[in-house]
Amino acid sequence: MASGIKDKVVILGMGCSKFGERWDASPADLMVEAFEECLADAGIEKKDIEMGWFGAGIDAYNVGSSALPLSLALRLSNIPVTKVENMCATGTEAFRGAVYAVASGACDIALALGVEKLKDVGYGGLPQRTRGVENDMFWPNLSAPGSFAQLASGYRAKHGIDKTELKRAMAHVSVKSHANGAKNPKAHLRREITEEQAINAPYIAEPIGLYDCCGVSDGSACAIVTTPEIARRLGKTDLVSVKALQLAVSNGDEASFSDWDGSYLKTTRIAAQRAYNEAGIKKPREEISMTEVHDCFSITELVTMEDLQLSDEGKAVRDVLNGDFDAGGRIPCQIDGGLKCFGHPIGASGLRMIYENYLQFQGRAGDRQLSNARLALNHNLGGFPHQNICSISIIGRYE
Amino acid sequence: MFGITAYGAYIPRSRLSRAAIADANDWFDASLRGLAKGERSVCNWDEDTITMAVEAGQDCLSLLDAGSVGALYLASTTLPFLDRQNSVVVSQALNLGDRLRTMDVSASQRAATSALITMLEAGGPDKGSAMLVASEHRRSKCGSRAEMLWGDGAAALGVGNEGVIAEYLGCETYVTDFVDHYRGEDSTLDYEWEERWIRDEGYLKSVPLAATRLLEKAGLKAGDIAHFVLASDQAKTPSAVAKALGVATEAVVDNRIASMGVSGAAHPILMLTAALEAAKPGDLIMLAGFGQGTDVVLFRATDQINKRRPKTGFAGALERRRTDENYNRFLSFNNLVERETGKRGELDKQSYLAAMYRKRDLLTGFIGGKCRECGTIQIPKENYCVNPDCGALHSQDDYPMSALPGRVKTWTADRLTFDWNPPAYFGLVEFDGGGRMMMDFTEVEAGSIETGVAVSLHFRIRQFDNQRGFRKYFWKATPSGQ
């Protein structure tokens, strides 16, 4: 039986660019911004990095999809660099590659960097993309909000929840994230909103309104990882380690076979349980101090609370409205503003979440600092509720 | 006995109020106000001659075994493809198999009656039944008389020996190069000559001539005709022709200009389906088709006429309607204005023909798979059975699913994605008996979709590849009863 990744790898340094509409910044500019912060934080030199993983989810940023953009932008010294891409789980995938390389002993110090430049397309929302030669011929004409909006119809039907009540809980999710994002200088959206604003905003995809959608942002985030021994040798104290890295990928069951009712994310449930097992977590509600979940849309965050076992099934609306996941609540969610307000540059998001964990554990989170945070869960969901990739990372103090 | 054995009809649900057309255009031509009565049928953006033909064909197949169809003729002057046999697309969407004769018949308003005569004169095909589908989606100029009076629609007929509802008695054709209107190869719009000349020198001379010849040949009298079908966008002309011929006024089949408009080459067959629904056993039916001469065909209703009724039929198709007052949307759907699509509408829609051919069973036939090992029904059909407890390799038999009823599991109305008629509705559909698919919806009226709502499937345009003049089709779900 494999022993898992728990405590085998620690974070040596992290960096994150300002997220937002970075009209004047190229992908390379964003990468350098995150990387320079990360390198300074790690206290090493560029030449000490032995391997790299590059995550970018949408554009190839070079001639074809490859690791070249990272190596070129950072002028890395011809080290092995791998491009990874797994939709919205891309950032976590880059991190996983680097962590596994260190854990395997293949190298001592590895870099993971994710970037996305979404604001070069000329319109709001994610770029309209092909879904592949075959799928384009029969897939529904869906946008990202359109695909996730369906969670609301499934959830309402299953739990008999009134439209207005669900919309109010969805609004609460966004109001909370805006309040958190307002305290984060690197966040894309930094204005607080009211529940009325969220409820009355025009529909993007029923019942998802404008304020139920996350920011579409440019940005980059990056981590340098190593072993606990090397980190200590380099003079690091207050170590932050990887407790679990899990991935669950749909196999067609939800879309083509099972009685999945569209009210939850099957892969999240599977990945969460695997991650708890890997991290040795028996009672997530008591042990997890904070979460950064894939709040691409407010309804996704709401159902994810149940999928992560942080709310009872059918009770997320109650718990959300009760403030359980607010900054001062039972288990704060998106203390940095989340995808909603920090922003969602696809390839960077998983690493951005870990960046916030890292700051919180080191007491460097400024106005949004939580007291005594020990264990954080990060969740990404790439794709669509009926067919997706879920990644979960659990990060904590190395004790 | 040989003759018509089945029929089916399709009229687009959307009915544009003629007052809306007049409101937009009478500043230019005040005479349009005089025509502004009732409504006309209008194709949705995702409907065309092929999709309407499939709908009418499906209705006809509610009376006919698809396996018995040995020939399919598609008649229209608005075929989406000039070189790609449109009838083959229709036959594959109807799952008629790969052993049948197919043919497109075009280039005249009597295309459908001429095709029908050919089928009737050829006798029964090897497999027993032949099927005619007539379908028309004509474009017309903004603010024209044609825009006011025309409509879109399709009809289908089965011809054979089994279950004859109208016995074939004979036909006659009078041919003359009478050019009342035309559409050249470089134009998508018609050019018409004067209405009065068309009536006096066209209808009133040509139709009586052919009809009289046929009646003489058949030994029948005009006064015996109980149903006289003559499609025309001239409201009073069919009665005038009937009078000249000696056909009783009450035998003239109303062309439903007020409720749907005249559907071009499809209209004679569509009006014949209306006549078949009204006919009593023994009734004599004359069908006339006018265009560079006249086709006339005689039928006599059998005692089966009231027993064999299609699922929807003409009355059902006419009744299934949705009022539309939006003239601008009509112009947009018919490409009569250059419209802003937003940047999302700019995505390249390349048509990958090799992949399309490989996927034809799914795309055109909506054929899924049924696992021989565990019985699981699944669509798309893939290599391994999707049931995790089975997972058998290459274990699925073809399983046609286009006729299966389904229910909505999840849904939304998407205003972000590009759609010609936003919001775009789609969701997860679960089929009765098994199988599920995330798919587009069409013909959704606001407020009509909810989890659990019953849906039926319809063959529709999925995407236009305007850059290369291609269009792709697939199946969409529609709330039942809409």
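Being a predicted model, the structure only gives us computed values, none of them experimental. (Residues numbered from 1 in each chain as written. Chains lettered and ligands numbered in written order. Predicted model: local features only at pLDDT ≥ 70, side-chain atom pairs only at ≥ 80, totals over all residues.)

### Here we look at the UniProt feature "domain: Thiolase C-terminal" (unreviewed entry) in chain A
Then, number 1: Under the present numbering, the feature "domain: Thiolase C-terminal" (unreviewed entry) in UniProt falls on residues 256-392 of chain A.
Then, number 2: Counted over residues 256-392 of chain A, helix gives 38% and strand 14%. Its end C-alpha atoms are 25 Å apart. (UniProt positions renumbered as here; feature names shortened; annotations may be inferred. Helix = DSSP H or I, 4+ residues; strand = E, 2+ residues; numbered from the N terminus.)

### Notes on the pairing of strand 2 (residues 51-55) of chain A
Successive side chains on a regular strand alternate, one facing one side of the sheet and the next facing the other.
All names here are of chain A.
Then, number 1: Burial runs high along strand 2: 5 of the 5 residues are buried.
Then, number 2: Neither face of strand 2 is left uncovered, since the one carrying Met51, Trp53 and Gly55 and the one carrying Gly52 and Phe54 both have all their residues buried.
Then, number 3: Bridge count between strand 2 and strand 4 (residues 110-116): 5 bridges; the pairing is parallel. Its bridge partner being in strand 4, Met51 is matched across the sheet by Ala110.
Then, number 4: Where strand 2 meets strand 3 (residues 81-84), 4 bridges bridge the pair, whose relative direction is parallel. (Buried ≥ 20, exposed ≤ 12 C-beta atoms within 10 Å, placed from the backbone. Pairing = 2+ DSSP bridges.)

### Description of the interface of chain A and chain B
Then, number 1: Across the contact, 31 residues belong to chain A and 37 residues belong to chain B.
Then, number 2: At the level of elements, helix 4 (144-159), strand 5 (203-205) and helix 8 (253-256) of chain A are the ones that each hand at least two residues to the side of chain A that touches chain B.
Then, number 3: For the side of chain A that touches chain B, the element with the highest residue contribution is helix 4 of chain A, accounting for 7 residues.
Then, number 4: When the residues that make up the side of chain A that touches chain B are grouped by side-chain class, the tally is 14 nonpolar, 13 polar and 4 charged. (Contact = placed C-beta atoms within 7 Å. Nonpolar A, V, L, I, M, F, W, Y, C, P; charged D, E, K, R; others polar.)

### Considerations on the pairing of strand 22 (residues 470-479) of chain B
All names here are of chain B.
Then, number 1: The pairing of strand 21 (residues 454-465) with strand 22 spans 10 bridges and is classified as antiparallel. Within strand 22, the position partnered with Ile461 by the bridge is Tyr473.
Then, number 2: Linking strand 21 back to strand 22 in an antiparallel pair, the connection comprises 4 residues, with Gly469 at a positive phi of about 65°.

### Re the packing of helix 6 (residues 195-218) of chain B against helix 7 (residues 237-245) of chain B
All names here are of chain B.
Then, number 1: Close contact between helix 6 and helix 7 brings their axes to 9 Å; oriented N to C, the two are set at 45°. It follows that helix 6 is oblique to helix 7 by the angle criterion. Here helix 6 and helix 7 pass one another in a crossing that is right-handed. Note on element contacts: helix 7 touches helix 6 through Thr237, Ala240, Val241, Ala244 and Leu245, opposite Arg199, Tyr203, Leu204, Val207, Pro208 and Ala211.
Then, number 2: Residue composition of the contact of helix 6 with helix 7, grouped by class: 9 nonpolar, 1 polar and 1 charged. (Axes fitted to C-alpha atoms, helices over the stretch in contact; angles between N-to-C directions. Parallel < 35°, antiparallel > 145°, perpendicular 65-115°, else oblique. Left-handed = near helix turned anticlockwise from the far one by under 90°.)

### Looking at the UniProt feature "domain: Beta-ketoacyl-[acyl-carrier-protein] synthase III C-terminal" (unreviewed entry) in chain B
Then, number 1: Mapped onto this numbering, the UniProt entry annotates "domain: Beta-ketoacyl-[acyl-carrier-protein] synthase III C-terminal" (unreviewed entry) at residues 215-294 of chain B.
Then, number 2: As a span, residues 215-294 of chain B carries 31% helix and 19% strand, and end to end its C-alpha atoms are 14 Å apart.

### Section: the packing of helix 3 (residues 90-104) of chain A against helix 14 (residues 349-361) of chain A
Any two packed helices are characterised by how steeply their axes cross, that is the angle between the axes, and by the distance between the axes.
Residues and elements named next belong to chain A.
Then, number 1: Orientation of helix 3 relative to helix 14, taken along the N-to-C sense of each, is 70°, at an axis distance of 5 Å. Put simply, helix 3 runs roughly perpendicular to helix 14. For the pair formed by helix 3 and helix 14, the contact residues are Thr90, Gly91, Thr92, Ala94 and Phe95 on the first element and Ser349, Gly350, Leu351, Arg352 and Ile354 on the second.
Then, number 2: Considering only residue class, the contact of helix 3 with helix 14 consists of 4 nonpolar, 5 polar and 1 charged.

### Observations regarding helix 7 of chain B
All names here are of chain B.
Then, number 1: For helix 7, the full list of buried residues reads Thr237, Pro238, Val241, Ala242 and Leu245. Along the axis of helix 7, the buried positions cluster into a sector of 140°, meaning they face one direction only.
Then, number 2: Against helix 6 and strand 11 (225-230) lie the buried residues of helix 7.
Then, number 3: Trailing helix 7 by a residue or two, Gly246 shows a phi angle of about 95°, which is positive. (Arc of directions from axis to C-beta.)

### Concerning the UniProt feature "domain: ChsH2 C-terminal OB-fold" (unreviewed entry) in chain B
Then, number 1: As annotated in UniProt, the feature "domain: ChsH2 C-terminal OB-fold" (unreviewed entry) corresponds to residues 405-460 of chain B in the numbering used here.
Then, number 2: In this annotation, residues 405-460 of chain B is assigned 0% helix and 52% strand; the end-to-end C-alpha distance for the span is 17 Å.

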